[in-house]
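Tertiary structure, described
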Amino acid sequence: MIEGNDDLVNEQNENIEPQETITRVTGMYKEWFLDYASYVILERAVPAIEDGFKPVQRRIMHSMKDLDDGRYNKVANIVGHTMQYHPHGDASIADAMVQIGQKDLLIDTQGNWGNILTGDRAAASRYIEARISKFGLDVVFNPKITEWQASYDGRRKEPVNLPVMFPLLLAQGGEGIAVGLSTKILPHNFIELIDASVKHLQGKRFTILPDFPTAGIADVTGYNDGLRGGKVRVRAKISQYDKNTLVITEIPFATNTSSLIDSILKANEKGKIKIKKIEDNTAANVEILVHLPSGISPDKTIDALYAFTNCESSISPLGCVIEDNKPYFVGVSEMLRRSTDNTVQLLKQELEIKLGEFQEQWHFASLERIFIEKRIYRDIEEEETWDGVIQAIDKGLQPHIKHLKRAITEEDITRLTEIRIKRISKFDIDKAQQKIDALEEQIAEVRHHLANLIDYAIAYFTRLKKEYGEGRERKTEIRIFDDVDATKVIIRNTKLYVNREEGFVGTSLKRDEYVGDCSDIDDIIVFTKSGKMMVTKVDSKTFIGKDIIHVAIFKKKDKRTIYNMIYRDGKGGPSYVKRFAVTSTTRDREYDLTNGNSSSVVLYFSANPNGEAEVVSIILRQVGGVKKLKWDLDFSDVLIKGRASKGNVVTKHAVKKIELKEKGVSTLKPRKIWFDDTVQRLNVDARGELIGEFRGEDRLLIITQSGMVKTILPEITAHFDEDMIVLEKWIPKKPISAIYFDGEKERYYVKRFLIEVEGKEESFISEHPKSQLEIVSTDWKPMADIEFKKERGKDRKDNVEINLEEFIAVKGISALGNQLTKDKVNQISLLDPLPYEAPEEIPAEEIEVVEEENVAEEPVVEKVKEEKPKEEKFKEEKVKESPKAENAKKEEPKKEDEKPEDDKELPEGEDGQITLF
């Protein structure tokens with residue numbers, strides 16, 4: 001029975017035709033995806049160029065106008081009302097409204113709307129309130145010139161675009177991510193946008209730059225007018241609070257204090273910076289205190305914060321807007337032009353509508369006067385039909401309407417019949433004429449504005465600036481940044497070791513020789529006994545080559561570190577001497593510093609961080625008929641060339657050993673240092689004002705307007721206070737002269753002093769809050785001009801010139817000084833100093849010019865030195881042997897037990913800097 005049923009089922013299945021089960025989705029996917037992408041681009045993410053609003057923002061503003069009665073409304077109520085126009089949830093509408101409110105332009109807020117500085121969120125929409133700001137009412141709304149469309153459900157009307165008469169999109173900025181594209185328009189300064197609009201209307205060129213609500217510092221050299229591919233670098237404003245504390249008072253755009261502190265703590269955990277603790281005292285203004293451990297450089301830490309934390313970030317603008325229902329990529333300058341031109345057209349429409357309204361008022365006022373003054377209303381007393389009434393009034397008006405500007409319509413006559421008897425009885429002809437005259441003046445004024453539309457638009461923008469520009473000055477400081485070299489500012493928290501014999505270098509070789517501290521982003525330079533050199537990145541363990549003779553942290557483009565080397569070419573070849581710098585290499589590539597022959601060996605090597613040139617003694621083996629077995633070689637006689645140079649011949653005979661005879665002195669000129677006022681940084685690239693030439697012990701003198709003075713080493717990473725008024729090379733014996741107002745005694749005092757403690761920051765005026773520095777001079781013989789105030793009833797005293805050197809002797813920095821005058825002073829000015837011949841500074845010997853500048857290739861550094869008549873020198877690639885060595889020592893007999901070569905007997909150099917082989 002079961003088998004029979006199976007056969008029946010199978011027979012029925014064979015009779016059923018197979019159905020199509022495959023559904024083609026290719027076409028649907030193509031159409032649906034394009035529809036979805038278009039919707040996201042046009043209706044959600046990208047603002048329109050006409051008014052600068054995204055749809056949700058436009059609907060929020062329209063809803064607020066619907067509800068506007070001058071009082072605050074609950075945000076929850078506004079959100080609910082907006083949902084009549086916006087087909088999305090309340091959360092997205094509330095978030096968009098909070099973003100508009102935080103920009104403090106279109107919405108007056110009340111309650112906790114969050115904090116863009118700390119990143120705190122706004123309170124729930126049921127707890128906060130809002131209304132349209134006065135500025136928003138002024139520039140955003142005008143129903144008479146607004147184009148309307150049906151809402152998504154067809155029940156209401158919403159604006160296609162709001163008639164915004166201001167470059168709102170550039171003032172607020174905008175950001176959105178759509179399907180296949182995104183937009184990021186940076187905010188700009190309110191006042192600067194108005195000024196730029198006026199310049200555009202005047203036919204002048206203009207430039208607009210971003211201005212961020214979080215303030216900070218911005219480098220806009222790569223802004224590219226806000227187009228795709230541009231870049232803006234933004235930095236926090238960091239200053240030195242005291243010697244162990246930094247204070248952050250402004251933060252970069254798109255960050256907040258919480259994320260900034262987190263990034264600093266992470267950098268500290270990774271060992272890139274060293275901090276003790278962080279305090280966040282941010283309220284209305286940003287204040288983050290970064291406490292440093294003792295011994296940590298504040299200047300270096302500031303650069304490290306920029307290099308390794310969110311204290312510096314890069315923003316890539318992308319100007320994308322909607323125009324004619326299509327995405328349009330455009331720069332901010334063109335956006336401003338479009339917005340300004342659109343404002344002019346909207347103003348024109350407003351004037352045309354206003355002109356029409358005034359003309360209609362004038363027309364009816366004229367008809368009303370004729371109707372009442374000529375008693376035409378009496379002509380309708382006998383009429384029994386409405387048509388008769390209309391015709392009677394029309395007939396009565398005809399003799400008096402020649403001066404009217406348009407024909408009379410039936411609607412005009414109907415309005416005349418609606419005038420009340422009470423108004424007719426109290427009609428005053430003079431007042432009626434005054435009203436007509438006033439309307440004629442208004443019509444003439446509007447026509448004048450239309451005839452001079454550009455001037456009218458300029459006046460409109462000027463009014464906006466006057467009424468709403470107060471308190472909207474630029475917050476972000478525009479400055480050009482110097483790139484921070486991360487390798488120079490990172491904290492070296494890792495120890496580097498070397499196994500010289502086996503040829504390994506790394507951080508994990510803790511049982512081997514300690515080299516020094518390093519970081520995980522450092523490069524190291526290694527030299528081997530065979531004359532090979534390699535630059536490689538710090539790693540746990542790296543094989544370089546056996547018999548390592550020198551390891552150090554590699555500084556790219558460092559031309560002040562000079563390597564002195566003597567090597568033997570091949571197994572029995574001559575010995576050569578060379579001096580060279582290593583400024584750039586290819587990482588992990590092996591370079592041969594010898595002539596390239598096998599069995600070449602380095603006999604002497606030294607690394608000199610300041611170009612030192614030592615004197616060594618060359619001792620030869622007593623082989624054959626060699627007469628001169630010992631002489632001195634001075635490395636200062638050797639030209640500095642490229643690392644690939646062969647070098648000069650020292651001797652063709654076998655060298656027994658080389659001994660250090662005399663430590664070297666620097667052969668480099670003092671460094672020339674410039675100060676670039678644009679970036680407020682020192683440099684050696686001839687940018688800005690030349691401060692002077694500095695040797696290793698020379699310092700910079702810094703004096704601030706607050707009366708602080710200090711000396712610092714001229715490090716390229718140094719930072720300077722904004723109130724710095726003196727920056728120059730410090731001459732210890734040159735006195736500093738100052739005139740200051742003492743707040744406690746309310747008198748002016750003069751003092752002259754010398755700095756006694758190097759590197760210490762000291763105040764040289766009294767600590768009273770009203771004390772202030774008037775003038776300061778570092779001239780040898782400064783002169784000052786005193787202008788007195790005019791006393792009532794007396795003639796003004798003549799100005800007095802004072803020689804400060806004669807007025808007071810040099811005293812201690814803490815001395816009060818001598819009182820300048822008892823009279824009231826109006827102004828104190830510095831005059832040209834008296835002539836004085838300063839003691840001449842002993843010039844450095846001009847041996848060579850080596851500056852830390854950017855170079856594309858590694859140049860050969862030439863030496864410039866006057867030849868002395870009897871000085872030993874190299875000629876034709878050969879070192880002459882010293883006459884002293886010739887007379888001092890005669891040929892010695894060869895000892896039987898002397899080995900042909902015994903390099904292991906040669907001693908190592910001092911401090912690991914000089915090694916003998």
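Residues numbered from 1 in each chain as written. Predicted model: local features only at pLDDT ≥ 70, side-chain atom pairs only at ≥ 80, totals over all residues. Heavy atoms only, no water.

The subject of this paragraph is the overall build of the protein chain. Scanning the protein chain from terminus to terminus reveals 19 helices and 50 strands. Of the contacts made within the protein chain by residues no fewer than 6 positions apart, 67% connect residues no fewer than 24 positions apart. When the accessible surface of the protein chain is split by element, carbon and sulfur atoms take 46% of a total near 50100 Å². (Helix = DSSP H or I, 4+ residues; strand = E, 2+ residues; numbered from the N terminus. Contact = heavy atoms within 4.5 Å. Areas by Shrake-Rupley, 256 points an atom, 1.4 Å probe, with all protein chains shown as cover.)

Turning our attention to the sheet that holds strand β2 (residues 107-110). What the 3 strands build is an open sheet, ordered β1-β3-β2; its pairing is antiparallel. Strands with a single pairing partner mark the edges of an open sheet, and in this sheet they are β1 (73-74) and β2. Two strands pair when backbone bridges link them, and β1 and strand β3 (residues 129-132) are joined in this way by 2 bridges, in the antiparallel orientation. Within β3, the residue paired with Asn 73 across the bridge is Ala 130. Those strands touched by helix α3 (residues 55-67) are β1, β2 and β3, and its axis lies near 90 degrees from that of β3. (Pairing = 2+ DSSP bridges. Axes fitted to C-alpha atoms, helices over the stretch in contact; angles between N-to-C directions.)

On to the pattern of salt bridges, then. Scanning the entire structure with this criterion turns up 39 salt bridges. Taking the shortest distance from any N to any O, the salt bridge between Asp 153 and Arg 155 comes out at 3.1 Å. Glu 722 is paired through a salt bridge with Lys 237; the nearest N and O atoms lie 2.9 Å apart. A residue pair is termed long-range when its members are at least 10 positions apart, and Glu 722 in the loop between β38 (708-712) and β39 (724-729) and Lys 237 in strand β10 (residues 237-242) qualify at 485 residues. Each member of the salt-bridge network shares a partner with another, and the members are Arg 233, Arg 235, Glu 312 and Asp 483. (Salt bridge = Lys/Arg side-chain N within 4 Å of Asp/Glu carboxyl O.)

The terminal C-alpha atoms of helix α16 (residues 453-468) lie 22 Å apart, and with 16 residues this matches the ideal 22 Å at 1.5 Å per residue to within 8%. Among the residues making up α16, those that are buried are Leu 453, Tyr 456, Ala 457, Ile 458, Tyr 460, Phe 461, Leu 464 and Tyr 468. Elements in contact with the buried residues of α16: α6 (134-139), α8 (190-201), α11 (332-373) and α15 (429-451). (Expected span 1.5 Å × (residues − 1). Buried < 20%, exposed > 50% of the residue type's maximum accessible area, 1.4 Å probe, protein only.)

We now examine the sheet that holds β10. Sheet architecture is open: 4 strands sit in the order β10-β11-β13-β12, paired in antiparallel fashion. In the strand order of this sheet, the two ends are held by β10 and β12 (277-280), each with one partner. Sheet twist, expressed as the mean angle between neighbouring strand axes with direction ignored, is 25 degrees. Its contacts with the sheet put helix α9 (residues 257-269) on β11 (245-250), β12 and β13 (288-291), and the angle it makes with β12 is roughly 175 degrees. Packed on one face of the sheet, helix α10 (residues 298-308) meets β10 and β11 and runs near 155 degrees to β10.

For the rest of this paragraph, the subject is the nonpolar core. Formed by 96 residues in total, the largest nonpolar core has its most connected members in Met 97, Leu 106, Phe 166 and Leu 397. Here this core takes 16 residues from α11, the largest share from any one element. Once you skip the residues sitting within four places of it in the chain, Leu 106 turns out to touch Phe 53, Met 61, Ile 100, Arg 131, Ile 132, Ser 133, Phe 135, Gly 136, Val 140, Leu 168 and Gln 172. By size, the runner-up hydrophobic cluster in this structure holds 26 residues, among which are Ile 251, Leu 260, Ile 275 and Val 286. (Core = buried A, V, L, I, M, F, W, Y, C linked by side-chain atoms within 4.5 Å.)

Bringing the packing of aromatic side chains into the picture now. Summed over the entire model, instances satisfying the criterion amount to 19 aromatic pairs. With 5.9 Å between their ring centres and 25 degrees between their planes, Tyr 563 and Phe 605 make a pair best called stacked. Placement of Tyr 563 in strand β25 (residues 562-568) and of Phe 605 in strand β28 (residues 601-608) is noted, with a sequence separation of 42 residues between them. You'll find Tyr 563 and Phe 605 in the same group, each marked buried. Put simply, the rings of Phe 135, Phe 166, Phe 190 and Tyr 468 touch in pairs and so form one group of aromatic residues. Sitting over the ring of Phe 329, Arg 228 keeps its end group 4.4 Å from the ring centre. (Phe/Tyr/Trp six-rings, centres within 6.5 Å; stacked < 30°, edge-to-face > 60°. Lys NZ or Arg CZ within 6 Å of the ring centre and 35° of its normal.)

Where α11 meets α15, the closest approach of the two axes is 9 Å, and the angle between their N-to-C directions is 160 degrees. The angle between the axes of α11 and α15 places the two elements in the roughly antiparallel class. The hand of the α11/α15 crossing is left-handed. In terms of residue class, the contact of α11 with α15 is made up of 11 nonpolar, 6 polar and 7 charged. (Parallel < 35°, antiparallel > 145°, perpendicular 65-115°, else oblique. Left-handed = near helix turned anticlockwise from the far one by under 90°. Nonpolar A, V, L, I, M, F, W, Y, C, P; charged D, E, K, R; others polar.)

We now examine the side chain of Asn 73. Position of Asn 73 relative to the elements: it lies in strand β1. Of the residues examined, Asn 73 reaches a relative accessible area of 15% and is grouped as buried. The contacts of Asn 73, once residues within four sequence positions are left out, are Leu 67, Ile 78, Ile 128, Glu 129 and Ala 130.

A few words on α11. Here α11 spans 60 Å end to end across 42 residues, near enough to the 62 Å set by a 1.5 Å rise per residue. Count one or two residues on from α11 and you reach Arg 375, which has phi positive near 55 degrees.

Before going further, it helps to examine the side chain of Glu 158. Following the sequence through the fold, Glu 158 ends up in strand β5 (residues 157-161). A polar contact of 2.9 Å, which involves the side chain of Glu 158, links it to the side chain of Arg 59. Once residues lying within four places of it in the same chain are set aside, the contact partners of Glu 158 are Arg 59, His 62, Tyr 85, Glu 147, Trp 148, Gln 149, Ala 150 and Ser 151. (Polar contact = N/O pair within 3.5 Å; in protein donor to acceptor, adjacent residues only side chain to side chain.)

Of note, Ala 215 is a non-glycine position whose phi angle comes to about 65 degrees, a positive value. In the Ramachandran plot, Asp 225 falls in the positive-phi region, its phi being about 60 degrees despite a non-glycine side chain. Note that Asp 225 resides in the loop between β8 (217-219) and β9 (232-235).

Averaged over the protein chain, the pLDDT score is 84; the fraction of residues at 70 or greater is 88%. Below pLDDT 50 for its whole length, residues 1-5 participates in 0 contacts with residues either more than four positions away or in separate chains. When the criterion is pLDDT under 50, residues 844-917 qualifies, and its contacts beyond four places in sequence or with other chains add up to 144 contacts. (pLDDT = per-residue confidence, 0-100.)

Moving on to a nonpolar patch on the surface. Nonpolar side chains collect at one region of the surface, where Phe 33, Leu 34 and Tyr 36 lie side by side and expose about 300 Å² of accessible area between them. Inspection of the secondary structure assignment puts Phe 33 in helix α2 (residues 26-45). (Patch = residues over 30% accessible without salt bridge, like charges linked within 9 Å, V, L, I, M, F, W, Y side chains within 5 Å.)

Another aspect to go through is the environment of Asp 324. Tracing the backbone through its elements, the reader meets Asp 324 in the loop between β15 (320-323) and β16 (326-329). Take Asp 324: its relative accessible area is 60%, and that puts it in the exposed class. Expressed as a C-alpha distance, the spacing of Asp 324 and Ile 49, which sit 275 residues apart in the sequence, is 9.3 Å.

Here we come to the environment of Gln 433. Note that Gln 433 resides in helix α15. You can call Gln 433 partly exposed: its relative accessible area is 26%. Sequence separation between Gln 433 and Arg 369 is 64 residues; the distance between their C-alpha atoms is 8.1 Å.

A word on the packing of α11 against helix α13 (residues 410-417). Between α11 and α13, whose axes approach to 10 Å, the crossing angle comes to 55 degrees. Taken together, the axis directions place α11 and α13 in an arrangement best described as oblique. The handedness of the crossing between α11 and α13 comes out as right-handed. Here α11 contributes His 363, Phe 364, Leu 367, Glu 368 and Phe 371 to the contact with α13, which in turn contributes Asp 412, Arg 415 and Leu 416.

Take Phe 364: it is sitting in helix α11. Linking Phe 364 and Ile 408, residues 44 residues apart in sequence, is a C-alpha distance of 9.6 Å. Once residues within four sequence positions are removed from consideration, Phe 364 is found in contact with Asp 412, Arg 415 and Leu 416.

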